Amino acid sequence: MATASPEPLSSGQEGDEDEEVRVDEEHREQSDQALKEKLQRIQYGLNKFRPRDGGKKYRLLRDSINRELARRQAARSASASPQPRPPRPQGRQGEPLNVILYIVDALMVIFFFCAGSEHPQSVELSHDDVKCLEPESLLSSPIMNFYIMYLQQPMSSISTPKGKCHIFNTYFFSKLEALISKVDKASYFLKLRRWWKGIDIFQKAYILFPVHADTHWSLVIICMPSKEDQSGPMILHLDSLKFHRSKHIFSVVERFLKEEWSYLSKNVSSEECPIQKMVWKNLPRKIEKKPIAVPQQENEYDCGLFVLYYMQRFIEQAPERLHKKDLSMFGKRWFQPEEASALRTKIRSVLLQLFHEAKPNNNTLEQQTTCQLLVEAKSKNNLMDLTVPEQPVDGSSAKLASPNHLEGSSIQPTSFEDPLECS
């Protein structure tokens, strides 16, 4: 039941995250050279003056610059003209894999998923994150976000029609929940809307996101009606232990929909509304909430796996738009609990696959050996160990590089908390 997910943020930490968003947006407008010069000044100041608070403000700026430089380098690498190589492994519908992997050090790597996106999504995995894939271990948020991103990539076997759904990562629900306690709710909600910037929530067929509370995971699916339907949005809650209070979760998600509806009603003409006009006009009274009976976990540590498997199965099987009659697709016999528990092995296999597919760009035996050492799956008590070489290796389907070699800067990427969209 428990997971190795981050502890709830204090109000001070939430303020820090808002500041991070603002600083990140400012840095996106600056040139590479300006960012590198700024980075050098910040590092010089941190090393020489050692501020009393540890240089919290300057470290925030430094980390933001590092993230932006890493993001740009990943985008450039993804769009660069490929060098002559053997045919690349093909993913879903014959599309090539497009994952860039940066080795930070022996205990940290960062994946950039670049397919179909100008701004690559990323997830940072530590040695401890990988260890949580061992039997009877608790899934961490980075591992869950890694698989959520993977499900949306061409290499995944999951067939997802473009634009059908929008998936938020594991940090989103806590942001919605914080709205309740904010004094200036309007101001907070405007900042919160950055999470789905450029996305019309009500035009998507489905919105999915995990919920983490009391060391347990469950899943929310919001089903949006088409413009021809007379019904309103439907909020579904799937819980593998029936542990979370659906009433509270429905209240948080309903407030989110009402706030977004209120914002769009003031800023979008009636002709542009994505839902049938009468339904849109009365949308706050048209929202329905349904706790869903689903297969239950049979232990205390697989709740994260069940959330990911609920997500995967739903994406595979959901109709173009879900109506009440379609709720029969769920139920306690939707799948066997062992199928969800087996996802632990699949996620581990996906990680190993991405590492193994990295091939050296020369034919020397030394480089071949280095590449082969990139991942070692050891059969000691069914545990897995990641071994990362110190030198960067250029891959054909999973490209690797050390962040210290990016455009001459010393980059230490950190994990992004960006929304994710199905492609």
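Residues numbered from 1 in each chain as written. Predicted model: local features only at pLDDT ≥ 70, side-chain atom pairs only at ≥ 80, totals over all residues. Heavy atoms only, no water.

## Brief notes about the nonpolar core
Piece 1. Judged by nonpolar contacts, the single largest core of 50 residues is most densely connected at Tyr 206, Leu 238, Phe 314 and Phe 330.
Piece 2. Per element, the largest residue contribution to this core is 10 residues, and it comes from helix α11 (residues 303-317).
Piece 3. Those residues within four positions of Leu 238 in sequence are excluded, and the remaining contacts are Ser 218, Leu 219, Ile 221, Ile 292, Val 294, Tyr 310, Phe 330 and Trp 334.
Piece 4. Leu 192, Ile 201, Leu 257 and Leu 283 belong to the second largest nonpolar core, which has 36 residues in total. (Core = buried A, V, L, I, M, F, W, Y, C linked by side-chain atoms within 4.5 Å. Buried < 20%, exposed > 50% of the residue type's maximum accessible area, 1.4 Å probe, protein only. Helix = DSSP H or I, 4+ residues; strand = E, 2+ residues; numbered from the N terminus. Contact = heavy atoms within 4.5 Å.)

## Some thoughts on the packing of helix α6 (residues 172-181) against helix α8 (residues 246-267)
Piece 1. Packing of α6 against α8 brings their axes to within 9 Å, and their N-to-C directions diverge by 80°. As summarised for this structure, α6 and α8 are arranged roughly perpendicular, according to the angle between their axes. Residues Phe 172, Phe 173, Leu 176, Glu 177, Leu 179 and Ile 180 of α6 form the contact with α8, whose own contacting residues are His 248, Ile 249, Val 252, Val 253, Arg 255, Phe 256 and Glu 259.
Piece 2. Residue composition of the contact of α6 with α8, by class: 9 nonpolar, 1 polar and 3 charged. (Axes fitted to C-alpha atoms, helices over the stretch in contact; angles between N-to-C directions. Parallel < 35°, antiparallel > 145°, perpendicular 65-115°, else oblique. Nonpolar A, V, L, I, M, F, W, Y, C, P; charged D, E, K, R; others polar.)

## Brief notes about the confidence of the model for the protein chain
Piece 1. The share of residues in the protein chain with pLDDT of 70 or more is 64%, and the mean pLDDT across the chain is 73.
Piece 2. Segment residues 81-97 is flagged for pLDDT under 50; beyond a separation of four residues in sequence, or across chains, it makes 35 contacts in the model. (pLDDT = per-residue confidence, 0-100.)

## Re the pattern of salt bridges
Piece 1. Tallying each qualifying case throughout the model produces 10 salt bridges.
Piece 2. Here Glu 254 ties to Lys 258 by a salt bridge, and the two come within 3.6 Å at their closest N and O atoms. With Glu 254 and Lys 258 both in helix α8 and 4 residues apart, this pair spans about one turn of that helix.
Piece 3. Lys 289 is the salt-bridge partner of Glu 254, the closest N and O atoms lying 3.4 Å from each other. Placement of Glu 254 in helix α8 and of Lys 289 in strand β8 (residues 288-292) is noted, with a sequence separation of 35 residues between them.
Piece 4. The class of Glu 254 is buried, set by a relative accessible area of 14%.
Piece 5. Ionic contacts of the salt-bridge type, sharing partners, join the residues Glu 254, Lys 258 and Lys 289 into one network. (Salt bridge = Lys/Arg side-chain N within 4 Å of Asp/Glu carboxyl O.)

## Some remarks on unusual backbone geometry
Piece 1. Positive phi, close to 55°, is recorded for Thr 215, a residue that is not glycine.
Piece 2. Within the fold, Thr 215 resides in the loop between β5 (206-213) and β6 (216-223).
Piece 3. By relative accessible area, which is 39% here, Thr 215 ends up partly exposed.
Piece 4. Look at Lys 242: it is not a glycine, yet its phi comes out positive at around 50°.

## With respect to the packing of aromatic side chains
Piece 1. In this structure the tally under the stated criterion is 21 aromatic pairs.
Piece 2. Ring centres 4.8 Å apart and planes at 85° place the aromatic pair Tyr 309 and Phe 335 in the edge-to-face group. With Tyr 309 in helix α11 and Phe 335 in the loop between α11 and α12 (337-341), the pair connects residues that are 26 residues apart, well separated along the chain. Judged on exposure class, the residue Tyr 309 and its partner Phe 335 are both buried.
Piece 3. Pairing Trp 334 with Phe 335 gives two aromatic rings, centres 5.5 Å apart and planes at 50°, and the pair type is tilted.
Piece 4. Taking relative accessible area as the criterion, Trp 334 reaches 7% and is therefore assigned buried.
Piece 5. Take Phe 335: its relative accessible area is 2%, and that puts it in the buried class.
Piece 6. Among the aromatic residues, those joined into a ring-pair cluster are Phe 168, Phe 172, Phe 173, Phe 189, Trp 195, Trp 196, Phe 209 and Phe 256. (Phe/Tyr/Trp six-rings, centres within 6.5 Å; stacked < 30°, edge-to-face > 60°.)

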